[in-house]
Each structure stands twice: as structure tokens, then as C-alpha cells.
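Structural characterization, general
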Amino acid sequence: VVLADPRQAGIDALLRKIYEIYSDFALKNPFYSLEMPIRCELFDQNLKLALEVAEKAGSFGPGS
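Think of each chain on its own: its residues are numbered from 1, step by step along the sequence as written. Owing to the predicted nature of the model, reporting of local features is limited to residues with pLDDT of at least 70; listing and counting of side-chain atom pairs is limited to 80 or more, with chain, interface and lining totals taken over all residues. Excluded from the side-chain calculation are hydrogens and water; included are all heavy atoms of the structure.

1. Here we look at the overall build of the protein
Heads up, the rule is: We count a stretch as a helix when DSSP gives it H or I for four or more residues in a row; a strand needs E for two or more, and each element gets its number in order from the N terminus. The rule is simple: take the accessible area with a 1.4 Å probe, protein chains only, and divide by the maximum for that residue type; under 20% is buried, over 50% is exposed, in between is partly exposed. What makes two residues a contact is simply this: any of their non-hydrogen atoms within 4.5 Å. Method for areas: the Shrake-Rupley scheme with a 1.4 Å probe, in which residue coverage is limited to the protein chains shown. Here the positive residues are Lys and Arg and the negative ones are Asp and Glu; neither His nor the chain ends is included. In this description, the location of a charge corresponds to atom NZ of lysine, CZ of arginine, CG of aspartate or CD of glutamate.
Helix and strand counts for the protein come out as 2 helices and 0 strands. On the principal axes, the C-alpha backbone points of the protein span a range of 40 × 20 × 15 Å. Residues counted as buried form 19% of the 64 residues belonging to the protein. For the protein, long-range pairs separated by at least 24 residues make up 42% of all intrachain contacts whose partners lie at least 6 apart in sequence. Only carbon and sulfur atoms are counted for the fraction: they give 58% of the accessible area of the protein, which is about 5,200 Å². Averaged over its 7 positive side-chain charges, the protein has a centre that lies 2 Å from the centre of its 9 negative ones.

2. Brief notes about the pattern of salt bridges
Pairs can form between side chains of opposite charge whenever their charged atoms are close. To keep it simple, the criterion reads: Salt bridges, as used here, are contacts in which a Lys or Arg side-chain nitrogen is within 4 Å of a carboxyl oxygen on Asp or Glu.
If you walk through the whole model with that rule in mind, you get 3 salt bridges. Here Asp5 and Arg7 are joined by a salt bridge, their closest N and O atoms 3.1 Å apart. For Lys28, the salt bridge is made with Asp24, and the minimal N-O distance between the two is 3.1 Å. A relative accessible area of 60% means that Lys28 is categorised as exposed.

3. Points about the environment of Met36
Structurally, the position occupied by Met36 is in the loop between α1 (11-27) and α2 (41-57). Distance in space between the C-alpha atoms of Met36 and Ala26 is 9.9 Å, their sequence separation being 10 residues.

4. Thoughts on the packing of aromatic side chains
Short version of the rule: When the centres of two rings from Phe, Tyr and Trp lie within 6.5 Å, Trp using its six-membered ring, the rings pair. Their planes under 30 degrees apart give stacked, over 60 give edge-to-face, and anything left gives tilted.
Overall, the coordinates contain 2 aromatic pairs when judged by the stated rule. Note on Tyr19 and Tyr22: the rings are 6.1 Å apart at their centroids and 50° apart in plane angle, and the pair reads as tilted. Taken together, the positions of Tyr19 and Tyr22, both in helix α1 and 3 residues apart, correspond to about one turn of that helix. Look at Tyr22 and Tyr32: their rings are 6.4 Å apart centre to centre, the planes differ by 90°, and that puts the pair in the edge-to-face class. Pair noted here: Tyr22 is in helix α1 and Tyr32 is in the loop between α1 and α2, with a separation of 10 residues, a long-range link.

5. A short note on the packing of α1 against α2
The following threshold applies: Only the stretch in contact is used when a helix axis is fitted, and all axes are lines through C-alpha atoms; the angle between N-to-C directions ranges over 0 to 180 degrees. Throughout this description, any angle smaller than 35 degrees is read as roughly parallel, any larger than 145 degrees as roughly antiparallel, any in the 65 to 115 degree range as roughly perpendicular, and the remainder as oblique. Residue polarity follows a fixed list, in which Ala, Val, Leu, Ile, Met, Phe, Trp, Tyr, Cys and Pro are nonpolar, Asp, Glu, Lys and Arg are charged, and the others, Gly among them, are polar.
Packing of α1 against α2 leaves a shortest axis separation of 10 Å and a crossing angle of 170°. The angle between the axes of α1 and α2 places the two elements in the roughly antiparallel class. Facing α1, whose interface residues are Leu14, Lys17, Ile18, Ile21, Tyr22 and Phe25, α2 presents Leu42, Phe43, Asn46, Leu47, Ala50, Leu51 and Ala54. When the residues that make up the contact of α1 with α2 are grouped by side-chain class, the tally is 11 nonpolar, 1 polar and 1 charged.

In C-alpha cells:
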């Protein structure tokens, strides 16, 4: 679940990136079942990186 203000600058791009990471590391994983927790180190790393990049860009985060 992602909660975001639709007026937040750049949120569309961030949500697209999060979905891309989800589809690459969860949906394409043959051992993943829908509605189960995602247990994948690469998913966690890529999600964290995407959030850090968005925050540094100033389009997302506590300072925005």
C-alpha cells in the first residue's frame, strides 16, 4: 500500500517506478504468490534506491 497526495510533484513517476520494481522482482518470481509478503533482497534494495533518488530530486519526501 502506498499513500500519497496526488498533488505531490513527481508522484506519478515514483509510483510507476515502484510498480516496475514490484513487477520485476515479485510478479516475475515463480516462487512468489499474490497477497504474500515480498521476501526478496533485490526488491528491498531497488525500492530503497528509488525512494532515495526521488527524495534527492526533491520531488518526494519530508522536505517537499
